[in-house]
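Single-letter residue listing:
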Amino acid sequence: MKVEQKCKILSKKHLNPYAVQMELAVGDMVRSSLTGPGQFVHIKCGESRLLRRPISVCDWHGSNEGDTLTIVFEVRGEGTEWLARRPEGHSVDVLGLLGRGFQVEDQGAYLLVGGGIGVPPLLGCAGACGGASTAILGFRSKERALLLEEFSKDCLDYKVATDDGSLGYHGTVDELVRRELEEGQHYRGILACGPRPMLKSVVKAAAAFGVPCQVSMEERMACGVGACLGCAVRMKDGTMRHVCKDGPVFDGEEVDWDV
Ligand SMILES: Cc1cc2nc3c(=O)[nH]c(=O)nc-3n(C[C@H](O)[C@H](O)[C@H](O)COP(=O)(O)OP(=O)(O)OC[C@H]3O[C@@H](n4cnc5c(N)ncnc54)[C@H](O)[C@@H]3O)c2cc1C
Ligand code: FES
């Protein structure tokens with residue numbers, strides 16, 4: 001059941017110069033509508049902005065004393081800037097939980113592949129997999145890296161790539177993903193979230209090694225609940241699917257990557 005409610009900001013901290021982490025008190029939202037990692041909330045960013053902003057769930061706790069959600073977002077434009085300025089103790093209008101997340105099995109060994117602000121929802125996957133996964137995390141530079149300590153705790157292993165070589169492997173995550181798959185480790189699947197070109201190449205590598213791959217897609221959204229066609233993506237079979245309602249997570253093999 002989707003819920004729209006005022007949610008108090010319990011804590012707020014900057015993870016790096018660009019990204020903010022917020023913990024929200026969300027009533028019974030986790031217990032009533034969480035189906036898995038990769039779902040998102042739609043946040044009203046000020047009275048004057050009609051369209052809500054979609055932000056993925058990074059972490060969550062369900063409790064009879066009240067559920068909490070953690071989100072991590074980068075300031076991109078006026079909506080996220082407004083949100084980043086909200087102080088602890090203030091409330092924001094949140095609609096959620098929305099969308100279909102990743103399908104994961106407890107104790108499954110997954111390869112988690114994240115790029116930039118696509119990294120936070122994978123932390124929820126790492127937790128849901130029970131610590132049996134390996135993460136490959138890509139950032140533009142060391143100063144944009146985030147949540148590394150958390151991945152080190154929640155995964156068997158994690159590797160970092162940066163575009164400028166300032167941290168970890170110098171290059172994109174693609175090469176690290178291929179190396180990991182070549183080493184023959186048996187993965188139940190790949191779970192990926194990040195920019196479309198990264199997703200496209202991860203899906204290609206997954207297909208080459210015969211590993212199932214789920215991808216979380218990012219499209220501009222309006223209603224967030226499947227009512228406006230604002231977020232449509234084309235599938236290989238020619239149909240259009242809504243990122244907000246049918247996704248954001250899809251089987252990578254089903255998406256038409258050539259449009
Ligand atoms: C399912 C989903 C999950 C997301 N999860 C996260 C997350 O966990 N952390 C994070 O930092 N960002 C996330 N994003 C991207 C985030 O929604 C945008 O960065 C944000 O909406 C930008 O709003 P703005 O007002 O600051 O920017 P502006 O550019 O001023 O926004 C103008 C309009 O475009 C839309 N828009 C702009 N960029 C995007 C985008 N990349 N995706 C979708 N809509 C966009 C805005 O919602 C708004 O309606 C997610 C996007 C989707 C679709
Ligand atoms: S945002 Fe309206 S249909 Fe997806």
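Residues numbered from 1 in each chain as written. Chains lettered and ligands numbered in written order. Predicted model: local features only at pLDDT ≥ 70, side-chain atom pairs only at ≥ 80, totals over all residues. Heavy atoms only, no water.

Observations regarding the pattern of salt bridges
For step 1, the next point in the chain: Tallied over the entire structure, the rule returns 17 salt bridges.
For step 2, the next point in the chain: Glutamate 74 is the partner of arginine 76 in a salt bridge, and the nearest nitrogen-oxygen pair spans 3.1 Å.
For step 3, the next point in the chain: In this structure arginine 76 comes out as exposed when scored by relative accessible area, which is 57%.
For step 4, the next point in the chain: One salt-bridge network, held together by shared partners, links Glu4, Lys6, Arg52 and Asp93. (Salt bridge = Lys/Arg side-chain N within 4 Å of Asp/Glu carboxyl O. Buried < 20%, exposed > 50% of the residue type's maximum accessible area, 1.4 Å probe, protein only.)

Here we look at the sheet that holds strand β8 (residues 110-115)
For step 1, the next point in the chain: Overall, mixed pairing links the seven strands, which are arranged β11-β10-β9-β8-β12-β13-β16 in an open sheet. For this open sheet the edge positions go to β11 (169-170) and β16 (249-251), each flanked by a neighbour on one side alone.
For step 2, the next point in the chain: Alignment of β8 against strand β9 (residues 134-139), held across five bridges, turns out to be parallel. Residue pairing in the sheet places leucine 111 in a bridge with threonine 134 of β9.
For step 3, the next point in the chain: Sheet contacts for helix α6 (residues 196-208): β8, β12 (189-193) and β13 (213-216); angle to β12, the most-contacted strand, approximately 170°. (Pairing = 2+ DSSP bridges. Helix = DSSP H or I, 4+ residues; strand = E, 2+ residues; numbered from the N terminus. Contact = heavy atoms within 4.5 Å. Axes fitted to C-alpha atoms, helices over the stretch in contact; angles between N-to-C directions.)

Details of the site of ligand 1
For step 1, the next point in the chain: The environment of ligand 1 is made up of 21 residues, and the closest members are Arg53, Pro54, Thr80, Glu218 and Arg220.
For step 2, the next point in the chain: One of the side-chain nitrogen or oxygen atoms of arginine 53 is found 2.8 Å away from an oxygen atom of ligand 1.
For step 3, the next point in the chain: Note that an oxygen atom of ligand 1 is positioned 2.4 Å from one of the side-chain N or O atoms of threonine 80.
For step 4, the next point in the chain: Expressed as a share of its isolated accessible area of 830 Å², the protein-covered part of ligand 1 is 86%.
For step 5, the next point in the chain: Of all the secondary-structure elements, those providing two or more residues to the shell around ligand 1 are β4 (53-56), β6 (68-74) and α2 (78-85).
For step 6, the next point in the chain: With four residues, the top contributor of residues to the shell around ligand 1 is β4.
For step 7, the next point in the chain: In terms of residue class, the shell around ligand 1 is built from nine nonpolar, four polar and eight charged. (Near = heavy atom within 4 Å. Polar contact = N/O pair within 3.5 Å; in protein donor to acceptor, adjacent residues only side chain to side chain. Areas by Shrake-Rupley, 256 points an atom, 1.4 Å probe, with all protein chains shown as cover. Nonpolar A, V, L, I, M, F, W, Y, C, P; charged D, E, K, R; others polar.)

Remarks on the sheet that holds strand β5 (residues 59-61)
For step 1, the next point in the chain: Sheet architecture is open: seven strands sit in the order β4-β3-β7-β1-β2-β6-β5, paired in antiparallel fashion. The open sheet is flanked by β4 and β5, the only strands paired with a single partner. Here the average twist between neighbouring strands, direction ignored, is 35°.
For step 2, the next point in the chain: For strand β3 (residues 40-44) and β4, the ladder comprises four bridges, and the chain directions are antiparallel. When the bridges of β4 are listed, histidine 42 appears paired with proline 54.
For step 3, the next point in the chain: The sheet strands contacting α2 are β1 (3-14), β2 (19-25), β3, β4, β6 and β7 (91-98), and the helix crosses β6 at an angle near 130°.

Quick look at the environment of aspartate 163
For step 1, the next point in the chain: Topologically, aspartate 163 is positioned in the loop between β10 (157-162) and β11.
For step 2, the next point in the chain: Owing to a relative accessible area of 45%, aspartate 163 belongs among the partly exposed residues under this scheme.
For step 3, the next point in the chain: Along the chain, aspartate 163 and lysine 142 lie 21 residues apart, while their C-alpha atoms are 9.2 Å from each other.
For step 4, the next point in the chain: Not counting the four nearest positions on each side in its chain, aspartate 163 is found in contact with Phe139, Arg140, His170, Gly171 and Thr172.

Thoughts on the environment of proline 121
For step 1, the next point in the chain: Mapped onto the fold, proline 121 is located in helix α3 (residues 120-128).
For step 2, the next point in the chain: Placed 65 residues apart in sequence, proline 121 and serine 56 show a C-alpha to C-alpha distance of 5.9 Å.
For step 3, the next point in the chain: For proline 121, the residues in contact, after removing those within four places along its chain, are Pro37, Ser56, Val57, Cys58 and Cys193.

So, the domain arrangement of the chain
For step 1, the next point in the chain: In terms of domain boundaries, the chain breaks down into domain 1 (3-98) and domain 2 (110-216).
For step 2, the next point in the chain: Here the C-alpha centre of domain 2 lies 24 Å away from the C-alpha centre of domain 1.
For step 3, the next point in the chain: Summed over both sides, the interface of domain 1 with domain 2 buries roughly 1,200 Å², with 61% coming from carbon and sulfur.
For step 4, the next point in the chain: If you sort the residues of domain 1 by the area they bury against domain 2, Tyr18, Cys58 and Glu74 come out on top, with a joint share of 36%.
For step 5, the next point in the chain: Between domain 1 and domain 2 we count one salt bridge in total.
For step 6, the next point in the chain: Linking arginine 144 and glutamate 74 is a salt bridge whose minimum nitrogen-to-oxygen distance equals 3.5 Å.
For step 7, the next point in the chain: Broken down by secondary-structure element, the contributors of at least two residues to the side of domain 1 that touches domain 2 are β2 and β6.
For step 8, the next point in the chain: For the side of domain 1 that touches domain 2, the element with the most residues is β6, which contributes three residues.
For step 9, the next point in the chain: Per-class residue counts for the side of domain 1 that touches domain 2 are 10 nonpolar, three polar and two charged. (Domains from an automatic or database assignment. Buried area = accessible area lost by both parts, 1.4 Å probe.)

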